[in-house]
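# Chain and residue survey
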Amino acid sequence: MPVGIFRVCLVVITAIVNHPLLFPKENGTVPENAEEIIQKMKEREESLRLEQLRLEQEIAEQEATQKALEKAAEVVEESKEEKVRWDMWTALSMVIFLLIELWRQDFQEGNWQDTGEEDDMAVLGKAFKGVAFPDKAVLAGFYEKRILGTTGDMARMREMVEGFADDLLEALRSVCNRDADMEVEDCMGVGSMYENWRVRKPFVCDLIVPFAPPEPYCFRSQTWCSGDSFPPDEQGYGTIKVCRADEDVTGCICDKTKLGEDMLCLLHSQANTTRPSSEMEDLLCFKNTQYLDADQVMKWFQIAVTKAWNRISHKYEFDLSFSLLDSPGALKIKFRSGKSVAFNLTPVVQYENSDVYFISHFPRRGLAADLPSSTHWFLTFAVYERRFIQLVSKTLPANACHVSCLQILSFLHGKQCSLTGPSGLINYHLKTVMLHLLQARPSQDWAPEKLEARLQDMLKFLEKCLHEKKLYHFFIGNGKVPAELGFPIIFQRAEPLNLFRPFVLRRDVYRKTVDTFHEMLRNMSALINEYTVHIPLAHTNGIHKESL
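So, here is what we can say about the structure in this document. Keep in mind that this is a model prediction, so the values were computed, not measured. (Residues numbered from 1 in each chain as written. Predicted model: local features only at pLDDT ≥ 70, side-chain atom pairs only at ≥ 80, totals over all residues. Heavy atoms only, no water.)

### Side note on the nonpolar core
Nonpolar side chains in soluble globular proteins tend to be buried together. Quick note on the threshold: As used in this record, nonpolar core signifies buried Ala, Val, Leu, Ile, Met, Phe, Trp, Tyr and Cys residues forming a set joined through side-chain atoms within 4.5 Å. Whether a residue is buried, partly exposed or exposed follows from its accessible area with a 1.4 Å probe, protein chains only, as a fraction of its type maximum: under 20%, in between, or over 50%, in that order. Contacts between residues were defined by any pair of non-hydrogen atoms, one from each residue, lying within 4.5 Å.
Counting residues in each nonpolar core, the largest one holds 115 residues, and the members touching the most others are Leu168, Leu292, Phe343 and Leu345. In contact with Leu168, not counting residues within four places along its chain, are Val305, Ala308, Trp309, Ile312, Leu320, Leu331 and Leu345. Formed by nine residues, the second largest nonpolar core is a distinct cluster that contains Val190, Val348, Ile359 and Ala382.

### A closer look at the packing of helix H11 (residues 382-393) against helix H13 (residues 427-440)
Quick reminder of the rule: Lines fitted to C-alpha atoms define the axes here, with helix axes fitted over just the stretch in contact, and angles between the N-to-C directions of these axes take values from 0 to 180 degrees. Comment: elements are numbered from the N terminus, with helices defined as DSSP H or I runs of at least four residues and strands as E runs of at least two. Note on terminology: angles under 35 degrees are roughly parallel, angles over 145 are roughly antiparallel, angles of 65 to 115 are roughly perpendicular, and the others are oblique. Should the near helix be turned anticlockwise from the far one by less than a right angle, the crossing is termed left-handed; should it be turned clockwise, right-handed. Three classes are used, and their members are as follows: Ala, Val, Leu, Ile, Met, Phe, Trp, Tyr, Cys and Pro are nonpolar, Asp, Glu, Lys and Arg are charged, and the others, Gly among them, are polar.
With their axes 11 Å apart at the nearest point, H11 and H13 run at an angle of 40° to one another. Taken as axis vectors, H11 and H13 run oblique relative to one another. In this structure, H11 crosses over H13, and the sense of that crossing is left-handed. For the pair H11 and H13, the contacting residues are Glu385, Phe388, Ile389 and Val392 in the first and Tyr428, Lys431, Met434, Leu435, Leu438 and Gln439 in the second. Its residues placed into classes, the contact of H11 with H13 shows seven nonpolar, one polar and two charged.

### Digging into the packing of aromatic side chains
Convention followed: Aromatic pairing here means that ring centres of Phe, Tyr or Trp (its six-membered ring) are within 6.5 Å. Orientation follows from the plane angle: under 30 degrees is stacked, over 60 is edge-to-face, and everything else is tilted. A ring is scored as having a charge over it whenever the NZ atom of a lysine or the CZ atom of an arginine sits within 6 Å of its centre and within 35 degrees of its normal.
Summed over the entire model, instances satisfying the criterion amount to 28 aromatic pairs. Clustering of aromatic rings is evident, with ring pairs tying together Trp224, Tyr351, Phe358, Phe381, Tyr384, Phe388, Phe474, Phe475, Phe487 and Phe491. Sitting above the plane of the Tyr217 ring, Arg244 keeps its charged end 5.8 Å from the centroid. The cationic tip of Lys469 hangs over the ring face of Tyr510; the distance from NZ or CZ to the ring centre is 4.5 Å.

### Some thoughts on a nonpolar patch on the surface
What counts is decided by this rule: What makes a patch is a set of residues exposed beyond 30% relative accessible area and free of salt bridges, joined within 9 Å when like-charged and within 5 Å when nonpolar (Val, Leu, Ile, Met, Phe, Trp, Tyr). Only the protein chains shown count as covering a residue, and every accessible area follows the Shrake-Rupley method with a 1.4 Å probe. What counts as a salt bridge is simple: a side-chain nitrogen of Lys or Arg found within 4 Å of a carboxyl oxygen of Asp or Glu.
Where nonpolar side chains cluster on the molecular surface, the patch consists of Met88, Trp89, Leu92, Ile96 and Ile100 and spans about 530 Å² of accessible area. Judged by relative accessible area, which is 41%, Leu92 ranks as partly exposed.

### Quick look at the environment of Leu379
Relative to the helices and strands, Leu379 resides in strand S10 (residues 377-380). When its relative accessible area of 3% is taken as the criterion, Leu379 is described as buried. Taking the C-alpha atoms as reference points, Leu379 and Val348, 31 residues apart in sequence, are found 9.4 Å from one another. In this view, Leu379 contacts Thr223, Trp224, Gly236, Tyr237, Gly238, Val356, Tyr357, Phe358 and Phe491; residues no more than four positions away in its chain are not counted.

### Considering the packing of helix H12 (residues 402-420) against helix H14 (residues 451-468)
The interhelical angle for the contact between H12 and H14, taken along N-to-C directions, is 55°, at an axis separation of 9 Å. By the angle between their directions, the pair H12 and H14 is classed as oblique. Remark: the crossing between H12 and H14 carries right-handed chirality. Within the contact between the two elements, H12 uses Ser404, Cys405, Leu406, Ile408 and Leu409 and H14 uses Leu451, Arg454, Leu455, Met458 and Leu459. A per-class count over the contact of H12 with H14 returns eight nonpolar, one polar and one charged.

### Observations regarding H12
Selection criterion: Expected helix span is computed as 1.5 Å times (number of residues minus one).
Between the first and last C-alpha of H12 there are 27 Å, a value that for 19 residues agrees with the 27 Å anticipated at 1.5 Å per step. In terms of residue burial, H12 counts as a mostly covered element, since 16 of its 19 residues are buried. Phi for Gly421, located one or two positions after H12, is positive at around 95°.

### Some details on the pairing of strand S5 (residues 237-244)
Basically, it comes down to this: We call two strands paired when DSSP finds no fewer than two bridges between them.
S5 sits mainly inside the fold: seven of its eight residues count as buried. In the sheet, strand S4 (residues 217-223) pairs with S5 via seven bridges, with the strands oriented antiparallel. Residue Phe219 lies in a different strand from S5, and its bridge partner there is Val242. Direction of pairing for S5 relative to S10: antiparallel, over a ladder of two bridges. Residue pairing across strands places Gly238 opposite Trp377, the latter belonging to S10.

### Some thoughts on the pattern of salt bridges
For the structure on display, the rule yields 16 salt bridges. Here Lys431 makes a salt bridge to Glu195, at a shortest N to O gap of 2.8 Å. With Lys431 in helix H13 and Glu195 in helix H7 (residues 192-195), this residue pair connects regions lying 236 residues apart in the sequence. For Glu195, a relative accessible area of 6% puts it in the buried group. We note a salt bridge from Lys431 to Glu385, for which the minimum N-O separation is 2.8 Å. Placement of Lys431 in helix H13 and of Glu385 in helix H11 is noted, with a sequence separation of 46 residues between them. In terms of burial, Lys431 and Glu385 fall into one category: buried. In the salt-bridge network here, residues are joined through shared partners; they are Arg441, Asp445, Lys450, Arg454 and Asp457.

These results come straight from atomic positions and should not be treated as a statement about function.
Take a look at the structure:
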C-alpha cells in the first residue's frame, strides 16, 4: 500500500513539472531556435558537401599521380631489363671477340716463324699486282756491278778504324783515374759493316765499348722480362743499378720492406745504404738515385775521348772531331786531302755474363721513338746476330744469296728514302726479316741461282708484317735459337717483342712507311735497270777506291 501511494505521487509530480504552461517564457522560443538550428545544419551540410568534393578531387589527383608513377616505374623497369639484356649481349660479344683475338694472336705467335711454305707466300703480295719484278739475269748483273765491288772497300775501312780505335782506347785508359773512373774494355765491331751487307755510303763502322765501374762497385741490371712489371713502351729496355760489390741486393729484404723506426738491418747499416749524392753522381748515376744515367755516361765518354785524342794526336796526320753531339762517340776522321771516315764508338754495359749489352745511345734512323728516360738502356743483341749469321752460313751452299738479298733490299729502300724522305723502316727491320727467313727455309733454298725467289720472299714477308703491324724480334721469345750460340734463356722464354709496335701508336708514321714501301716496289725495276746499265764495273770500282 505505501509503495502504491509513492508511485502515484511520483507520476503527479512529473506531470506538473513537464506541463508546457508551467514555464511559458523559456518554452516560447523553441520554434525560433529550431529554424536557426536548421539553417546552421544546412550550412554545415553544404560545407561538408564542398569538403567532400574537394577530398574526392584530391583523391582522384593522387590516384592519377600514383598511376603515372606506376607507369613510369614500369617503363624504367622495362628499360632496365632491356639494358641488362643489351649489356649481357654486349659483354658476351666482347668476350667472344676477345677469345677470337687471343686465339688469333696465339696462333700467330705459335707460328710466327713458320713462313717456309710456298702456299703461305702465295696468299701474300697484294702490293705486287702490276709491279714488274726484275728477272734473275738483271738482278745478278745489278748485284755484280753495283754492290759486289764494295766488299773490298769495307774490309780496308774496318782494318783502319779498328786499329785507330784500339790506340784511342789505350790512350783513354791512360788518362783516366783507375781508382775513380770507369774501366774501359776492348771494343767490338757489330752491325752491317761487320756482317758484310752494308751497301750505302758513307760507310760507318759501329764499335761497342764495354765499361765497368771502379772497385768496390759493380753493375746490377734489371730487364723488362726479369719478372717486374714494365710498361709496354719500356719493353726491350732495362735499368742498371750501381751497387757495392759486397751488397747482396737479392738476398736481403730491407730494400723491399719498410722497416720500423726502431728496427735496423744487421746486414746493411745506414752508413752502407746511404751514400752522398756527389759520390753517386761521380759514378754517373741519375741525380739522387743509384741508376746509371745514359746522359752522364755520354758526357763522361766524350770528355775522356777528347783527352785521349789530345794525348795521341801528334802521331796522326788527320783531325778527329765529334760528328754528332747527342751521341757519345760519333766520330769523324778528316784527312788533309778533304776526305773523311766516320765511325761510332759507343759505350755499353754487359748483361750478366752474356754477350747481350745495354747500349747508352742506340743509333736510330728514320722515325723511331726516343728512349723512355735517361735511366732506361736499350738492349742490343748485335753480337749474337753476327754469330747466328756466321753459324748459318756454314750450312748454306757456296755463294749463298741471303746476304745478296739483304744488300739489294737495303739499297732499294735507301734510294727510295732519299727520294721521298725517311720512313719508319730502318735497316735493322730488313735484317730481322732475313734472319726469320734464314731460320724458316731449308739451306738449299739459299742457292745463288734462287736470288730472285728469295728476294720476293723477303719483300712479301715484309709486306705481311707491315699489313699486320707485327714484326717480332728474332731472338726475344724465339725458342728455336741454336744452342751453340749460348743465348740467355731468359730472353728465349720472354714474350715476343713486336718491333712494329710504334706503327700501332702512330698512324702518321705507319701511313708514311706503307706509302714509301709501295713506292719502292713501283720504282724497283727502274732503279735496278738504271744502275745496271749506266754504271760499268770498272768505273764502279774506281769510285769505291777513291772514296777512301
